Amino acid sequence: MEFINDPEGEEDGAQRRNLTRQTILSAAKELVARKGPNGTTVRDITAASGANGAAVNYYFQSKDALVRLATQEITGDVNRERLAQLDKLEKTANGEPLQPRQILEALIEPILTVSRSQDGGSLYVRNIFQMRVDARAGYDAFGLNEHVARRFIDAICRTFPRYSRDEAIWQYELARGSAIHMLANLDPVSRRFELLSLENNQKLPPLPAYALDESQVKRIIDIILKGFGQD
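Rules and cut-offs
- Residues numbered from 1 in each chain as written.
- Predicted model: local features only at pLDDT ≥ 70, side-chain atom pairs only at ≥ 80, totals over all residues.
- Heavy atoms only, no water.
- Helix = DSSP H or I, 4+ residues; strand = E, 2+ residues; numbered from the N terminus.
- Buried < 20%, exposed > 50% of the residue type's maximum accessible area, 1.4 Å probe, protein only.
- Arc of directions from axis to C-beta.
- Polar contact = N/O pair within 3.5 Å; in protein donor to acceptor, adjacent residues only side chain to side chain.
- Contact = heavy atoms within 4.5 Å.

Glancing now at unusual backbone geometry. For residues other than glycine, phi is negative in most cases, and the peptide bonds are mostly trans. For Gln61, which is not a glycine, the phi torsion comes out positive at approximately 75 degrees. Assignment of secondary structure puts Gln61 in the loop between helix H3 (53-60) and helix H4 (63-93).

Below, the discussion takes up H3. Listed in full, the buried residues belonging to H3 are Ala55, Val56, Tyr59 and Phe60. Seen end-on, H3 carries its buried residues on one side only, within an arc spanning 105 degrees. Turned more than 90 degrees from where H3 packs its buried face, Ala54 and Tyr58 sit exposed. Capping the start of H3, Asn52 holds a side-chain oxygen 3.2 Å from the backbone nitrogen of Ala54, two or three residues further along. One or two steps after H3, the chain reaches Gln61, where phi turns positive at roughly 75 degrees.

Turning next to the side chain of Asp187. Relative to the helices and strands, Asp187 resides in the loop between helix H9 (165-186) and helix H10 (192-197). The exposure class assigned to Asp187 is buried, which follows from its relative accessible area of 7%. Of the polar contacts made by the side chain of Asp187, one reaches the backbone nitrogen of Val189; its length is 2.7 Å. In contact with Asp187, not counting residues within four places along its chain, are Gly121, Ser122 and Arg126.

Rendered as C-alpha cells:
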C-alpha cells in the first residue's frame, strides 16, 4: 500500500488542534477570573468551550494544570506589557528618573489593553480579587511576577530618592492596590460605583454607566497621583 504525504492536511489538523486548545484556554480564563480556580469545574470549562473532558486532559493533562496556566497567562500578559512600557520609558529617559505619572501609566494602563474579558471587564482585576479571596488560588502567580514589582519599586526609588526601599514598597502597593480596587468598582459585574450613587429604592439600569476605557483609567491615575509620592 502506498501512503500519500499530505502536508496541507497535516497543517489543517494542526490548526484545528491549536484552535481547540486556544478555545479551551480562553474559556478557562473567563471562568477562573469570575469563579476562582477552585470554583471552576471541568463541566464549566466544557460547557463554555464546547469541548469535552477528554480534550481538556489531552491538551492540558488535568483541570488543575489548565487552571494554573489560565491564571498565569492572565497575570503574565499584563505584567509583560507593564515591563515593556517601563523599559521604553526608561530608555527614553536615558538614566534620568521617571516622572511620577509615567510610573503610574506604565503600571495601570496595561490593564486597559491586555487580558480583557468578553464583557468588557478586566480578567486581570477579577483574577487578582479571586486570589485575594482564596489564598489557595494563587498558583504561585505572585512569586512568578515578583520581578515586575521589583522593577517598579526600583523606579519609585529613583524618582523619590528621599524614600527608603521600604517606603517605596508601600508607595507601590498604594498605587497598585488603589488602581485595582477602583477598576474592580468599574467592572460590569460589580458596578460598585453605580450602586453607591443610587438613591433609596432605585435600581441599576440594564446597561452599565461606566466602561473600562482610557478616560476612566486617566481619572484613576489622576486620583492616585494626588497621594503618590506625597509625604
